[in-house]
Each structure stands twice: as structure tokens, then as C-alpha cells.
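Per-entry structural report
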Amino acid sequence: MRYADTGFDLEIDLTRGSIEKVANDAKTSEMYLGGQGAAAKLLWDRVPPDTDPFSPDNLLIFSTGILHGTPVPSANRTCVNCFSPQTNLMSHSLFGGFFGPELKHAGYDKIILRGKAPDLVYLYIDNDKVEIRDATHLRGMGTAETGDVLKKELKDQKVQVAAIGLAGENRVYMASIDHNHASAARGVGVVMGDKRLKAIAVRGTKDVNLARPAELFDIALKMNRKIAESSGCGDWMAVDEDDSFHHNHFSWGNARVRRKNFWSKELQERWTRWKYDHMDRQTGCYNCPKKCRNVINWPGRKRFGYKCFGKDTYHMAAFLELDFTYEILGVAQEYGVDSYATPQVIAFALELLEAGILHESDFPGMPADTKGRFFHLLDKIVRREGIGDILADGVSRAAQRIGNGAEKYDHNTVKKFEQLPIKLGKLNPAFFLMIATGEKMSITQIEGSFPQDPLPTPGERQEFVNKWAAVPDEKFKKYFLEWEKRNDMPVQATCDIVEWNEAMHYIDDSTGICGFVSSFRGQFGGDIAYHMNNLPQILSAATGFEMSKDKLWKTAQRIRNLVRAINVRRGLRRKSERPPEDHWAIRNEEYEQGLLSKYYAFKGWNMDGIPTREKLESLDLGYVADDLEKREILKVEEKVSA
């Protein structure tokens, strides 16, 4: 008997219209867990490295985490993976809500989609009943609208729907997959649209077997109380109305202008009134005591939900206030676009107009006011009309297509993907490495276990480490106690910190645990629910795998290095690993490249960022080394150099 996972995947070929229920391998579950780890193994095994992201052979994989459907609270993040046309690399994406656990209860660990439907379809899953159905009547509908229509059509309000909007249908590179006002972005919505899959509707009522249910229930009850009572768990932005940090320190427009003294008491009071005067309720995800999603009913707009920094991106890009985000965010969500990348793309276009690189003739019919311009360009982008057809490819590719100096305005992308608009003074060495070498396309999916900045006094630092239960090794306490300046940290400490940050995210993304109770929140005080010290017992009780901290750490490194190898096989090299040139005001090229070389050596990678055979074999990835050597990407018997 399989525990925690179901032992079965759904294989869907949209070209042939075929549906197969296929047994998956228990050993793969033990080595890669679920979620992104298991999906990475599938992409490595089944998608050749020269496959175009718009090829029918590109897989689109919806993966449950191995803890989905168990009593473990806050295990609800669904992973969606494929190869992205924007980056040509593996696309990393997550969304919360109820979809993944519902899929597990329907009896499946993954949905593996290939091919392209001849016209728009949706996938209906009701336990053992699985059908590909016509979706032409859903064409042009918004993401939430699609879910509402399908629930009514299927006569089941408990069905869980993940859908694309008009952006996905038109293959906009920033297209998202939306479920319950949670979005999977970073390259997956465009591929779902390319496959002409409008939505997936899932209903499941089956049990999930557990290896040691009494033990796991006891742990889960304690964890539920821990999460409910801890201020260190959940999205603090859902309840904390002081957002001075983002508005004073992040950049506005196309990530160019910092407004250091923007925030004020009067502004906070005004924005708080706007929020609570128009908020229907706050809700949470499957089996989680936190309520991180604010549901807003703004006059003249369809009701929508948001959490975290998503509430800020549109008004900061437009140099406006929160009321503008409340006007446009629900519209953008129905279109199905990434709320981090899309505002930057719109601001980028308006910068080019101001600079004379684009002209008024490129924007026929565009209003004169900023609000009108954002709505106008959003509509043009999702419909791929006029200049919107170029902007729909994202800032980096649009800059290349426009030319005439537009490239210098592409200053906030890494590996062709828009980053969070963070522009700082002095370089933080750990963040330099995470932004340069990270393959999840967003720093929020890499950072989180170790604080971003040192605390000012030894006493404050000591108080922090005294309650720091999440550290996997006491050396991290020592690093923090001795850290006094952001830009001054020993290389060994920097490398260790980056590896810990990454490891926790890779574990969360394979177990399905939300980063707001785990990998992301540790940096803000350490009072989190899940970490390397307690996850082994939880995983053992759920799965029956004998999991230790060392084994879990090795699992995280195995997944991370497999993702690295997947992208290396598609052309990723050192030359691509550069944070935006203006990300920090003070830069030192010699120091940065030296740090990068030392990190590569620390990771067991060669100086072009390719994992060596020695490293791969130590993680049971000898088959990966064989393939890289066969393709002459890796030299035979190459060893890591210090």
C-alpha cells in the first residue's frame, strides 16, 4: 500500500484525446517526494532538451505535494511545471487554495498533459471519471467566471477549478493559471493556452492512506495550534496595514524610482479605510487556520481576492495609490496575468513613449490619463493587439523586438524574466547569489530562512537566536550573531545561507507546504511551523519512508541539482547569471565574479555553473551525469575545482 501519495498519475494527450491512469514509481516518491521534485524528474526523463516550449511535446504538469490531503495543516500548494517560452527554461510555479488536495482525494498525484487540443477544451475529473470536454462556450471568459460557469454546469459547488483567462488563450507570456484567486504564473499559463486547455475541474472524495495515522494526527493538531497562534506564520500583509517597507524602499514605475519618504500616517489611514470599507471577508486555503486572502468588492468591479505584495504592484507601477490597484487588479485577474510582471511591462511601454523610442502613433486610441493608459495597455496586451502583441512577450523580448535603444530600459530581468522591483544601496552577498543563480524566477521563492539584514545590537541578535528553532545547524546562529553589516559576510557563511534558503523552498515545493508557514517567514523572526528539524518526523509518519534530517537535506540538494541540470541541458550557463545592473547602487564586478566562482565550487559545480559528475553521483544522479557527458556538456571525469 502507498501512503501519503496515491500511486497514480493521469496521463492526458490532448492531441489524441486519450486519458490513461498510470501507476507511478514509489522509489521516485521517496527520492523526489512530490510537487516540483517529482515533476522535475518527469521533465528530465520525457522532454528532450531541444523541445520548443510551444511544441506538443512540452509537458504541462500539475503536481500535488506529498503531504496534500493529509492532516498536516497548510499543505496546499499545487506545483505547475513545464518549459517556459519566455525563458526557455523550466518554469516554476505554485498556487494555493484547494486544487492540489482535491486532486489527491480524487486519487491522483499528478496530471501530466501533452499535445494540443484541436480547439478549446477543459478537463473534468470526478474520482475515477475523467473526461476531456468541449470548452468553446468558455472562450474569452475570465478565470473566476470560468470557475463559476463550470460549477453551475457540473451542478457541484465543491468542484475545484484552475483556469486561464483571455491572456492564456492568446499565449501572452505573462499569462497565469488562476484558482480561487490564487495564481500560478512564471510561464505556465501561456503553455496551458497553447495546449488549448481552458480549465481543469476536479472533484475528489477518496481517502488518503497514512503510514502512522495516530502519530501524524497528534503532530497535526499541535501544528494547527502553532500556526493559528503564531504571528510568525501566515501572510502578515493580510492584516498589517503599515506597508511603509515596500513603498519607501521598493522601486516604482518600471522598477526605477524609489520614493523613500512616501509613506505617511494619513496615507495609511486612508488606505486602511479603502480596504476595510470594501472587504467582504478574509479567507484561507485548504486545512490552514490562517486567513491570508482579502476579498474586495470594489464599486463597479467584479469581486476579487489578493494577498501579499500583489496589492501594491499596479499602483506602484503607475505612481498612483491603492484605490487604483483595487480598480484594476480584479480586471487583470480575470484576464489571467501575472501581477508582478504585467505592471512592469506596461510601465516599460510608457517609459519608451516618454523617451521617444515609441511614439504616439504606436498607441492609437490610448487615453491621456495614467489610469486610462494602464487599462488600455492591459487590454491590448491580453488581446495581442497592436503594440500589445509585442509587449505580451515580456519586457526582455519586447525590448529586443522594439530595438532603437529599448534594451537599456530592460533593467529588471534575470534570465529574461521580470524580477521584484528591489533597488538597494550596498550589495548583500547572499542575495546576489540567490538572484544570480536562482532558477525559480522570483526571489520570494528562494529567500526566507535567514534574515535579510543584521539586527543593530548584539543583544537583539542574541534574543533572535535564542528562539530560533528552525536552524538546521548551530553554525547559522553564529553567523547571525557575528553579522554586523549587510555587505560584509564571510564567503563560507554566505554559501551556507544560500543553500539553506534554497533547500527549504525545494522541500516546501515538493511537500506542498505553504512558504508563509515555513521557508519564507523564517527571516522575520524564526517563529515558523515547519523546518528541517521537525519535517523528517512528519514525513516519516505520513509516508512510511524513514526520513532523517540528513536524508531530507540530501533530497533537497538532489532536487535542486536536477533542476539545475535540466536548465543546463537547455543552455543555461554562467553568462546568464547576472542580477540587474542597477539592482544595487554600488557594484564590484571583480568581487561578484569571485563570489560566484566560490559558490559554484561550494555547490560542486564547474566554473560554468554545471554540476560535476562527482556532485551528481553523490546525490544518486549518476544518470544525469551520463547524459551530460554524452551530450559533451560535461567533460568526462571532470572534478570540482576549489
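Definitions and cut-offs
Residues numbered from 1 in each chain as written. Predicted model: local features only at pLDDT ≥ 70, side-chain atom pairs only at ≥ 80, totals over all residues. Heavy atoms only, no water. Helix = DSSP H or I, 4+ residues; strand = E, 2+ residues; numbered from the N terminus. Expected span 1.5 Å × (residues − 1). Buried < 20%, exposed > 50% of the residue type's maximum accessible area, 1.4 Å probe, protein only. Axes fitted to C-alpha atoms, helices over the stretch in contact; angles between N-to-C directions. Parallel < 35°, antiparallel > 145°, perpendicular 65-115°, else oblique. Contact = heavy atoms within 4.5 Å. Nonpolar A, V, L, I, M, F, W, Y, C, P; charged D, E, K, R; others polar. Domains from an automatic or database assignment. Buried area = accessible area lost by both parts, 1.4 Å probe. Pairing = 2+ DSSP bridges. Salt bridge = Lys/Arg side-chain N within 4 Å of Asp/Glu carboxyl O.

On to helix α21 (residues 549-569), then. Across its 21 residues, α21 extends 30 Å between first and last C-alpha, which sits within 8% of the 30 Å expected from 1.5 Å per residue. Across the 21 residues that make up α21, a large majority, 16, are buried. At the C-terminal side of α21, Gly-571 shows a positive phi close to 115 degrees.

This part takes up the packing of helix α9 (residues 265-277) against helix α11 (residues 322-335). When two helices pack together, you describe them by how their axes are tilted relative to each other and by the distance separating the axes. One can describe the packing of α9 onto α11 by two numbers: an axis separation of 9 Å at closest approach and a directional angle of 30 degrees. It follows from the interaxial angle that α9 and α11 lie roughly parallel. On α11, the residues touching Trp-271, Trp-274 and Lys-275 of α9 are Leu-322, Asp-323 and Tyr-326. Residues of the contact of α9 with α11, tallied by class, amount to four nonpolar, no polar and two charged.

Along its sequence, the chain is organised into domain 1 (8-203), domain 2 (234-415) and domain 3 (424-630). Here the C-alpha centre of domain 3 lies 29 Å away from the C-alpha centre of domain 2. Each side of the interface is counted separately: domain 2 has 11 residues, and domain 3 has 18 residues. Summing the contributions of domain 2 and of domain 3, the shared interface buries around 1,100 Å²; its carbon and sulfur component is 59%. The largest contributions to the domain 2 side of the interface with domain 3 come from Trp-236, Val-414 and Lys-415, which together make up 44% of the buried area.

One non-glycine residue, Asn-127, adopts positive backbone phi at about 55 degrees. Looking at the element boundaries, Asn-127 is found in the loop between β7 (121-126) and β8 (129-134). Since its relative accessible area comes to 14%, Asn-127 is described here as buried. With phi around 55 degrees, Lys-155 is a residue other than glycine that occupies positive phi space. For Lys-155, a relative accessible area of 73% translates into the label exposed.

The subject of this paragraph is the sheet that holds strand β16 (residues 293-296). The three strands lie next to each other as β15-β16-β17, forming an open sheet whose pairing is antiparallel. Each edge of the sheet is formed by a strand with only one pairing partner; in this case those strands are β15 (279-283) and β17 (304-306). Each strand of the sheet is rotated relative to its neighbour by a mean of 25 degrees, with strand direction disregarded. Strand direction decides the pairing type here: β16 and β17, joined by three bridges, are antiparallel. Across the sheet, residue Asn-294 finds its bridge partner in β17, namely Tyr-306. Lying over the sheet, α9 contacts β15, β16 and β17, oriented at roughly 85 degrees with respect to β15. Sheet strands touched by α11: β16 and β17. Its angle to β17, the strand with the most contacts, is close to 100 degrees.

Taken in spatial order, the six strands line up as β2-β1-β6-β3-β4-β5 in an open sheet, and their pairing is mixed. The sheet terminates laterally at β2 (18-23) and β5 (90-95), the two strands that pair on one side only. Geometrically, the sheet is characterised by an average inter-axis angle of 15 degrees between neighbouring strands, direction not taken into account. Note: strand β1 (residues 8-13) against β2, six bridges, orientation antiparallel. If you follow Phe-8 over to β2, its bridge partner there is Ala-23.

For the rest of this paragraph, the subject is the pairing of β1. The element β1 is extensively covered by neighbouring structure, given that five of its six residues are classed as buried. As consecutive antiparallel partners, β1 and β2 are separated by four residues, and within that stretch Gly-17 has a phi angle of approximately 75 degrees, a positive value. Pairing between β1 and strand β6 (residues 110-114): five bridges, direction parallel. Looking at the pairing, Leu-10 lines up with Ile-111 of β6.

A separate point is the pattern of salt bridges. Summed over the entire model, instances satisfying the criterion amount to 58 salt bridges. Residues Asp-128 and Lys-21 are paired through a salt bridge, measuring 3.7 Å at the closest nitrogen-oxygen approach. Here Asp-128 is found in the loop between β7 and β8, whereas its partner Lys-21 is found in strand β2, with 107 residues between them in sequence. Exposure remark for Asp-128: the relative accessible area of 54% places this residue in the exposed category. Here Asp-280 ties to Arg-303 by a salt bridge, and the two come within 3.2 Å at their closest N and O atoms. Taken as a pair, Asp-280 in strand β15 and Arg-303 in the loop between β16 and β17 lie far apart in primary sequence, 23 residues in all. Using a relative accessible area of 39% as the deciding quantity, one classes Asp-280 as partly exposed. Judged by relative accessible area, which is 39%, Arg-303 ranks as partly exposed.

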